Amino acid sequence: MDVYLPIANLSVNGLFIVLLGGLTGVLSGMFGVGGGFLTTPLLIFYGVPPTVAAASAASQVTGASVSGVLAHSRSRNVDYQIGLVMIAGGILGTGLGALLFRLLAAWGQIDTVINILYVLMLGGIGGLMARESLVALRSSRSGASPAPRKRRHHPLVASLPMRWRFYRSGLYISPLAPLLLGICVGILTMLMGIGGGFILVPAMLYILGMSASVVVGTSLFQILFVTIATTLMHALTTKAVDIVLAFLLLLGSVSGAQLGAKLAFKARPELLRLVLAVIVIAVALRMAFGLGIRPPEIYSVDLA
Amino acid sequence: MRPLLALIALLLLAGARDPILVPEVSQHEIQVSQGFTGTELLLFGAILDPSGTRAGRDYDIVVILKGPTQAITLREKEKIGGIWLNAHSTAFRSAPSYYAVASSRPIKDIVDERTAAIYELGLNRLQLSPVGEIDPDEQARFSAGLVDLRARQGLYQQNDRGVRVSEQVLYQARISLPSNVQTGVYTAETLAITKGRVIASATAKVEVRKFGFGRLVATFAENWSLTYGLLAVGLSIAMGWMAGRLFVLI
């Protein structure tokens, strides 16, 4: 089934895009991440221009996170207070990201920067997750419960001035910490077309020290609004949001997300995390490999 | 009917000995709509003696289809510190977004280098107008890079046997346009060449434009960006919400 994408200016196999959305949807339902980290590189691989891929993947993440937020807010697992602070940072971040995007594009290094960011982020986070889930798996096999990790925020967070109480997260920290985190994730969302869930969740746990029960709900809440801001920012600046591409991706990913959520109930969480870690590391290795080998195209064209 | 009328008009006007070229294009408008996967244009026509009889001599025909020109920056990757980076770049003021040339024999057998350069016959003779001063070797390398890139995207084509001339009168050439063509006005130029000299030429215009839903989306995204963005956001929220609802019921 051939579908012409009016913004990307090329025709693609519609079924393939829906399946791609479905695959990332399953992942997002299972692991609570947006799945943008897979969609964007795969779309670029398929021949969609990188900017269009990043801009349209952002709206896919919006769709995938809506149902997640609804479910989590029903079970009161969202800390709206810290979420709003992070959203404010996130919107600031998308603005900064848009500026950075334009600068890097003019310099001609946007694709390389995006690729290097992917390798570093995915490699780092994947490695951390793999180690953690392996430790958890080993200890559950030996029968001993793992020593409970002391929930503490990072010393740098404690040194920030002006503290607020965040009751639902059980925190008394400076709002500057979640604000800065929001800004970082906003920049990454704009550049990489990802929701940033796979960065946010560990950062909220290990840097802010939030209680685990509200982490996933709150990160989805923040991702929802930041991807909305990103889609709007792309629509206004790069004009690269392809609504037909987004529709196809959404069709697959919203159904995939539901399927993934059902699957997640049946599997052991540590095993799930290990599988996600392996996928993330595989993507990172593939991209690192891509940086080093001679690319299929030495030349590329920018319209002036 | 139209080619015939043009032919008669030309016959009345032409007193010279140069032959008359009557070109036609199968489509003057190409609509890029939903499901567009590219198309094929048929460029055809006739060459006649001024007296209206068969030309009676061998002619070579070259047809060129050229898309709107673009100002572009071409970047070249190089391996630096183990990573492939965009290391060099050059700007061209007028790179055609599409260029296809078809001829009845290889161009180098039809005309000399000078004539080929004047009429821009062949992928290696495109006039790209580089911006600023640039070393000729480097310019040649960049031009070759652009041609190679776009040839593999199907946007630049050269077919040395793409024109068929039958009975020294009729000629026809098929030229394919891929789905990733730029919209705009294309010019189809036909040259009749004999003994290395261009003796007749004619141009026709072909307009490629987006049509229907695709055109609506493209103009909407360009002119009403905020509304378009809000629409995209609304679509994703609605679809996410609906999926959540539907799957609860199942």
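Quick caveat, the model's predicted, so the values are computed rather than measured.

**Let's talk about the overall build of chain A**
Inference 1: Assigned secondary structure in chain A consists of 11 helices and five strands.
Inference 2: For 304 residues, the compact-globule estimate of 2.2 N^0.38 gives 19 Å, and the C-alpha radius of gyration of chain A, at 19 Å, lies within 12% of that figure.
Inference 3: With the C-alpha coordinates aligned to their principal axes, the bounding extent of chain A is approximately 55 × 45 × 40 Å.
Inference 4: In chain A, buried positions account for 52% of the 304 residues.

**Quick look at the overall build of chain B**
Inference 1: Counting its secondary structure elements, chain B contains six helices and 12 strands.
Inference 2: Taking all 250 residues of chain B together, the buried fraction comes to 33%.
Inference 3: A separation threshold of at least 6 residues defines the contact pool for chain B, and within that pool the share at least 24 residues apart is 70%.

**Remarks on the packing of helix α1 (residues 14-31) of chain A against helix α10 (residues 243-266) of chain A**
All names here are of chain A.
Inference 1: Running from N to C, α1 and α10 point in directions that differ by 35°, and their axes come no closer than 5 Å. Crossing geometry of α1 relative to α10 is assigned as right-handed.
Inference 2: When its residues are assigned to classes, the contact of α1 with α10 shows 19 nonpolar, 13 polar and no charged.

**Things to note about the domain arrangement of chain B**
All names here are of chain B.
Inference 1: Assigned domains within chain B: domain 1 (2-210) and domain 2 (211-250).
Inference 2: With six residues of domain 1 at the interface, the matching set in domain 2 holds six residues.
Inference 3: Of all the secondary structure elements, the ones that give two or more residues to the side of domain 1 that touches domain 2 are β2 (29-32) and β12 (197-210).
Inference 4: Of the residues contributing to the side of domain 1 that touches domain 2, the split by class is one nonpolar, three polar and two charged.

**Things to note about the interface of chain A and chain B**
Buried accessible area, meaning the area lost when the parts come together, often serves as the stated size of an interface.
Inference 1: Tallying the contact residues gives 46 residues for chain A and 47 residues for chain B.
Inference 2: A per-element tally of the side of chain A that touches chain B places α10 of chain A first, with nine residues.
Inference 3: Considering only residue class, the side of chain A that touches chain B consists of 26 nonpolar, 15 polar and five charged.
Inference 4: Pairing analysis gives five bridges linking strand β5 (residues 299-303) of chain A to strand β5 (residues 69-80) of chain B, with the strands arranged antiparallel. Bridging across to β5 of chain B, Ser-300 of chain A finds its partner in Arg-75 of chain B.

**Thoughts on the sheet that holds β2 of chain B**
Backbone-to-backbone hydrogen bonds join strands into a sheet, with any given pair of strands oriented parallel or antiparallel.
All names here are of chain B.
Inference 1: Strand order in the open sheet formed by six strands is β2-β12-β11-β4-β7-β8, and the pairing between neighbours is mixed. The sheet is open, and its two edges are formed by β2 and β8 (156-159), each paired on a single side. In this sheet, neighbouring strand axes are inclined to one another by 15° on average, regardless of whether the strands run parallel or antiparallel.
Inference 2: Where strand β4 (residues 60-66) meets strand β11 (residues 184-194), seven bridges bridge the pair, whose relative direction is antiparallel.

**Considerations on the environment of Gly-67 of chain B**
Residue and element names in this part refer to chain B.
Inference 1: Tracing the chain through its elements places Gly-67 in the loop between β4 and β5.
Inference 2: For Gly-67, a count of 23 C-beta atoms within 10 Å gives the class buried.
Inference 3: Note: C-alpha distance between Gly-67 and Gln-34 (33 residues apart in sequence) is 21 Å.

**Quick word on the packing of helix α4 (residues 80-107) of chain A against helix α9 (residues 212-236) of chain A**
Residue and element names in this part refer to chain A.
Inference 1: Interhelical geometry of α4 versus α9 gives an angle of 30° and a closest axis separation of 9 Å. Put simply, α4 runs roughly parallel to α9. Viewed along their axes, α4 and α9 form a crossing whose handedness is right-handed. Here Ile-82, Gly-83, Met-86, Ile-87, Gly-90, Ile-91, Thr-94 and Ala-98 of α4 come into contact with α9, specifically with Thr-218, Phe-221, Gln-222, Phe-225, Val-226, Ala-229, Thr-230 and Met-233.
Inference 2: Its residues assigned to classes, the contact of α4 with α9 shows 10 nonpolar, six polar and no charged.

**Considering the nonpolar core**
Inference 1: Ranked by size, the top nonpolar core spans 154 residues in total, and within it Leu-5, Leu-245 and Leu-248 of chain A together with Val-62 and Val-63 of chain B carry the most contacts.
Inference 2: Looking at this core, the element that brings in the most residues is α9 of chain A, giving 14 residues.
Inference 3: Shared between two domains, this core takes at least three residues from each, and those domains are domain 1 (2-210) and domain 2 (211-250) of chain B.
Inference 4: Look past the residues within four positions of Leu-248 of chain A in its chain and what remains in contact with it is Val-3, Gly-14, Ile-17, Val-18 and Gly-21 of chain A.

**Observations regarding helix α5 (residues 212-223) of chain B**
An α-helical segment advances 3.6 residues per turn. Residues three or four places apart therefore align on the same side.
Residues and elements named next belong to chain B.
Inference 1: The end-to-end C-alpha separation of α5 is 17 Å, in line with the 16 Å expected for 12 residues at 1.5 Å each.
Inference 2: Within α5 the residues assigned to the buried category are Gly-214, Val-217 and Ala-221. All buried residues of α5 project into a common sector of 65° when viewed along the axis, lining one side. Set apart from the buried face of α5 by more than 90 degrees, the exposed residues are Leu-216, Glu-222 and Asn-223.

**Brief notes about the pairing of strand β10 (residues 170-177) of chain B**
Residue and element names in this part refer to chain B.
Inference 1: Only one face of β10 is covered, namely the one carrying Tyr-171, Ala-173, Ile-175 and Leu-177; the face carrying Leu-170, Gln-172, Arg-174 and Ser-176 has none of its residues buried.
Inference 2: Bridge analysis of strand β9 (residues 163-166) against β10 gives four bridges, and the strand direction is antiparallel. Its bridge partner being in β10, Val-165 is matched across the sheet by Tyr-171.
Inference 3: Between the end of β9 and the start of β10, which pair antiparallel, lie three residues, with Glu-167 showing a positive phi angle near 55°.

**A closer look at the confidence of the model for chain A**
Inference 1: A residue-level look at chain A finds 92% of positions with pLDDT of 70 or above and a mean pLDDT of 80.
Inference 2: Mean pLDDT per element in chain A: helix α6 (residues 155-158) of chain A is the minimum at 69, and α4 of chain A is the maximum at 87.

**Observations concerning the environment of Ala-58 of chain A**
Inference 1: Structurally, the position occupied by Ala-58 of chain A is in helix α3 (residues 50-74).
Inference 2: For the pair formed by Ala-58 of chain A and Val-241 of chain A, sequence separation is 183 residues and the distance between their alpha carbons is 8.9 Å.

**A word on the sheet that holds strand β6 (residues 83-96) of chain B**
Inference 1: Pairing in this open sheet of three strands is antiparallel, and the strands run β5(A)-β5(B)-β6(B) from one edge to the other. Every other strand in the sheet has two partners, leaving β5 of chain A together with β6 of chain B as the edge strands with one partner each. Looking at each pair of strands side by side, their axes are set apart by 30° on average, direction ignored.
Inference 2: Relative to β6 of chain B, β5 of chain B runs antiparallel, the two sharing 11 bridges. Paired with Arg-75 of chain B across the bridge in β6 of chain B is Ser-89 of chain B.
Inference 3: On the sheet, helix α4 (residues 136-152) of chain B packs against β5 of chain A together with β5 and β6 of chain B and is oriented at approximately 100° with respect to β5 of chain B.

**Quick word on helix α2 (residues 36-46) of chain A**
Residues and elements named next belong to chain A.
Inference 1: The buried fraction of α2 is high, at eight of 11 residues.
Inference 2: Taken together, the buried positions of α2 are occupied by Gly-36, Phe-37, Leu-38, Thr-39, Thr-40, Pro-41, Leu-43 and Ile-44.
Inference 3: Just beyond α2, the residue with positive phi is Gly-47, at close to 115°.

About the thresholds
Residues numbered from 1 in each chain as written. Chains lettered and ligands numbered in written order. Predicted model: local features only at pLDDT ≥ 70, side-chain atom pairs only at ≥ 80, totals over all residues. Helix = DSSP H or I, 4+ residues; strand = E, 2+ residues; numbered from the N terminus. Rg over C-alpha atoms; globule rule 2.2 N^0.38 Å. Buried ≥ 20, exposed ≤ 12 C-beta atoms within 10 Å, placed from the backbone. Contact = placed C-beta atoms within 7 Å. Axes fitted to C-alpha atoms, helices over the stretch in contact; angles between N-to-C directions. Left-handed = near helix turned anticlockwise from the far one by under 90°. Nonpolar A, V, L, I, M, F, W, Y, C, P; charged D, E, K, R; others polar. Domains from an automatic or database assignment. Pairing = 2+ DSSP bridges. Parallel < 35°, antiparallel > 145°, perpendicular 65-115°, else oblique. Core = buried A, V, L, I, M, F, W, Y, C linked by C-beta atoms within 7 Å. Expected span 1.5 Å × (residues − 1). Arc of directions from axis to C-beta. pLDDT = per-residue confidence, 0-100.

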